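The primary structure of each chain is shown beneath.
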Amino acid sequence: VASWTNATVAKAPSHRDTFYPGTNGRLYDAWWNPNSYVITHVPCSSTAGPEAAVSGSPSESDAFYRGTNGCLYDAWWNPSTNGITQIACAVAVLP
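Remember, predicted model here, so these are calculated numbers, not experimental data.

1. Structural notes on the environment of Gly49
Within the fold, Gly49 resides in the loop between strand 4 (36–41) and strand 5 (52–57). For Gly49 and Phe64, which are 15 residues apart along the polypeptide, the C-alpha to C-alpha distance reads 9.0 Å.

Structure, rendered in structure tokens:
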């Protein structure tokens, strides 16, 4: 079990995403809206934590996390696509 905190973002008043590390070290997104509640695996390499989440609009979310290689990543989602982007590596210094 990971020792860092989960990251939750409200994309709209009734839409929430909580990103958290699974016991297998992978990043997961538990999302909720009035019609459904789903847990999905974020297709990324193992996370070494910690996570932070933001939403730029009601239909977008970004989860930032440190990979096991020490690099900083952004797992992003919007209605038409999703992906993982490596943001920084040599300069990623997180507690």
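2. Points about the side chain of Asp74
For Asp74, the position within the fold is in strand 7 (residues 72–78). One buried charged side chain, Asp74, makes no salt bridge at all; its nearest oppositely charged neighbour is Lys11, positioned 12 Å away. Excluding residues within four positions of it along the chain, Asp74 makes contact with Asp62, Ala63, Phe64, Gly83, Ile84, Thr85 and Ile87.

3. Re the nonpolar core
Grouped together as the largest cluster of nonpolar side chains are 11 residues: Ala7, Val9, Phe19, Leu27, Val42, Ala53, Ala63, Tyr65, Cys71, Tyr73 and Ala75. Elements that contribute at least two residues to this core include exactly strand 1 (7–12), strand 6 (60–66) and strand 7. Excluding residues within four positions of it along the chain, Val9 makes contact with His15, Arg16, Asp17, Phe19, Ala53, Val54 and Ser55.

4. Regarding the sheet that holds strand 8 (residues 81–88)
Whether parallel or antiparallel, the strands of a sheet pair through hydrogen bonds between backbone atoms. In space, the 4 strands of this open sheet follow the order 5-6-7-8, with antiparallel pairing throughout. One side of each edge strand has no neighbouring strand; the edge strands of this open sheet are strand 5 and strand 8. Geometrically, the sheet is characterised by an average inter-axis angle of 20° between neighbouring strands, direction not taken into account. In the sheet, strand 6 pairs with strand 7 via 6 bridges, with the strands oriented antiparallel. Across the sheet, the residue bridging to Ala63 is Ala75, located in strand 7.

Cut-off values and rules
- Residues numbered from 1 in each chain as written.
- Predicted model: local features only at pLDDT ≥ 70, side-chain atom pairs only at ≥ 80, totals over all residues.
- Heavy atoms only, no water.
- Helix = DSSP H or I, 4+ residues; strand = E, 2+ residues; numbered from the N terminus.
- Buried < 20%, exposed > 50% of the residue type's maximum accessible area, 1.4 Å probe, protein only.
- Lys, Arg positive; Asp, Glu negative; His and termini not counted.
- Salt bridge = Lys/Arg side-chain N within 4 Å of Asp/Glu carboxyl O.
- Contact = heavy atoms within 4.5 Å.
- Core = buried A, V, L, I, M, F, W, Y, C linked by side-chain atoms within 4.5 Å.
- Pairing = 2+ DSSP bridges.
- Axes fitted to C-alpha atoms, helices over the stretch in contact; angles between N-to-C directions.

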